[in-house]
Amino acid sequence: MNTNKRAIIIVLAVLNSIVLLGQLWPEGAPPFARTVNILTLILNLFFMLSMLIKRTSV
């Protein structure tokens, strides 16, 4: 696996775990939780689209 792709997956996994923790324990969510949620959604969308484009072009 490419090291850049591995790093992106690790970052997305950490962000997703923060979002999940905020959903399970909303009282403990940090003040920047909304920004993290939006950033995670955008990054997940771009990552999935890039994987889809690479898969269909090969």
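No experiment lies behind these values; they were computed from the predicted model shown. (Residues numbered from 1 in each chain as written. Predicted model: local features only at pLDDT ≥ 70, side-chain atom pairs only at ≥ 80, totals over all residues. Heavy atoms only, no water.)

1. What about the environment of Gly28?
Then, number 1: Position of Gly28 among the secondary structure elements: in the loop between helix 1 (3-24) and helix 2 (33-57).
Then, number 2: Gly28 sits in the partly exposed class, given a relative accessible area of 32%.
Then, number 3: Each C-alpha atom of the pair Gly28 and Asn2 lies 35 Å from the other, and the pair is 26 residues apart in sequence. (Helix = DSSP H or I, 4+ residues; strand = E, 2+ residues; numbered from the N terminus. Buried < 20%, exposed > 50% of the residue type's maximum accessible area, 1.4 Å probe, protein only.)

2. Some details on the environment of Leu45
Then, number 1: Inspection of the secondary structure puts Leu45 in helix 2.
Then, number 2: Look at Leu45 and you get partly exposed, because its relative accessible area is 47%.
Then, number 3: With 39 residues separating them in the primary sequence, Leu45 and Arg6 have C-alpha atoms 17 Å apart.

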